[in-house]
Amino acid sequence: MTRSRPSFIRLPRASLAAAFLIALAAVPTPAQTPAKTLFGAAKEPAPLASRAIGSYARGCLAGAAPLPVDGAAWQVMRLSRNRNWGHPVLIGLIERIATGARSEGWNGLLVGDLAQPRGGPMTSGHASHQIGLDADIWLTPMPNRTLSTSERENISATSMLKEGVREVDPNIWTPAHAALIRRAAKQPETARIFVHPAIKKALCESAGNDRGWLRTVRPWWGHYYHFHVRISCPAGSEGCKNQTPPPAGDGCGKELDWWLSDAPWTPTKPGEKPKPKTPLSMADLPGECRMVVDASAVTAPVQSAPAQSAPMPRSRPVR
Ligand SMILES: [Zn+2]
């Protein structure tokens, strides 16, 4: 829908003044700049005490730590995005999962997006990943060599799905994939893990009697090239909002049946495109995020940030 422009010619003086004020109000002010523009421009963390502020899809991160781009058992992918930042508790967890998984046949982690240096909404992809407590981990094991920057930009992850069905491909999905997700789910910090429903199904089928951890593994759209680890609010993160815990049980029954049916994959009104969401403004975030985005940096940039940015998965609703 388009709106016709007001005609000033026939307006009385008072209306003209009102129209002028309205026009002034329409000029974007810094307060109305999308928060993703401000947070996306921050190249370094806010030099404040480490703290996740707000909720996973509405918040920011103070005192972020970088996941080193090369570690004992991991490599960070897509370096140009500069999204290998997280709360130190998340960084420690990823390092622990990476080194521990080697004992179960997983060579090492290829790590996708964590958060921006100050968290906040991202310029592309991801509704969540805003408070430094979310991480995407590829379902492709790390190779036995250090990848070049260009390889980290361009290598594609492997889909776990069999073409045309909601099932994992038995030629691609292995017990080591299942063991890696189980390991991540069993960590005390982990609140939720998101995987494609077909992966949840495979996990349900192979879990045997050890099933408590399955409660944490949540089916969701996407997540068949990578899985998503979300941790609970760390101690000392005042103003960090945990999600309601997942429903009791292993989630392998009716809920999974629904995910594997056509219902979640059929648009409610065929042909209707979802309306584009208004981007979050600073006013939508906790007030303290203003301090986080404005804090002057004290260190030189840690990450190189080449201009090219890689394509991102389309954003998802909050879950
Ligand atoms: Zn994610």
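Reading the values: the criteria
- Residues numbered from 1 in each chain as written.
- Predicted model: local features only at pLDDT ≥ 70, side-chain atom pairs only at ≥ 80, totals over all residues.
- Helix = DSSP H or I, 4+ residues; strand = E, 2+ residues; numbered from the N terminus.
- Expected span 1.5 Å × (residues − 1).
- Contact = placed C-beta atoms within 7 Å.
- Axes fitted to C-alpha atoms, helices over the stretch in contact; angles between N-to-C directions.
- Left-handed = near helix turned anticlockwise from the far one by under 90°.
- Nonpolar A, V, L, I, M, F, W, Y, C, P; charged D, E, K, R; others polar.
- Core = buried A, V, L, I, M, F, W, Y, C linked by C-beta atoms within 7 Å.
- Buried ≥ 20, exposed ≤ 12 C-beta atoms within 10 Å, placed from the backbone.
- Pairing = 2+ DSSP bridges.

Asks: Can you help me understand helix α5 (residues 175-186) in this one?
Replies: An α-helix turns once every 3.6 residues. As a result, residues three or four positions apart point the same way. Over its twelve residues, α5 extends 16 Å from the first C-alpha to the last, a length consistent with the 16 Å expected when each residue adds 1.5 Å. Contacts from the buried residues of α5 go to α3 (88-101), β8 (190-195), α6 (197-206), β9 (217-219) and β10 (226-231).

Asks: What exactly am I supposed to notice about the packing of α3 against α5 here?
Replies: Packed helix pairs are specified by the crossing angle of their axes together with the interaxial distance, meaning the distance between the axes. Direction vectors running N to C along α3 and α5 enclose 140°, while the axes themselves pass 10 Å from each other. The two elements α3 and α5 meet at a crossing, and its hand is right-handed. Across the interface between the two elements, I97, G100 and A101 of α3 pack against L180, R183 and A184 of α5. Residue composition of the contact of α3 with α5, grouped by class: four nonpolar, one polar and one charged.

Asks: Just to check I follow, could you spell out the nonpolar core for this structure?
Replies: Core analysis: the largest hydrophobic core is formed by 66 residues, its most contacted members being I53, L90, I94, L109, V111, I181 and I193. If you tally residues by element for this core, the top one is α3, at eight residues. With residues up to four places along the chain from it excluded, the contact list for I53 reads G59, C60, L61, A62, I131, G239, C240, P286, E288, C289 and V292.

Asks: Help me out: how do you make sense of the pairing of strand β7 (residues 134-138) in this one?
Replies: Across the five residues that make up β7, a large majority, four, are buried. Pairing analysis gives five bridges linking β7 to β10, with the strands arranged antiparallel. Looking at the pairing, D134 lines up with R230 of β10.

Asks: Just checking my understanding: could you explain α6 for this structure?
Replies: In terms of burial, α6 is a largely internal element, seven of the ten residues being buried. Residues of α6 that are buried: P197, A198, I199, K200, K201, A202 and L203. The inward-facing, buried residues of α6 abut α5, β8, β9 and α7 (254-260). One or two steps after α6, the chain reaches G208, where phi turns positive at roughly 70°.

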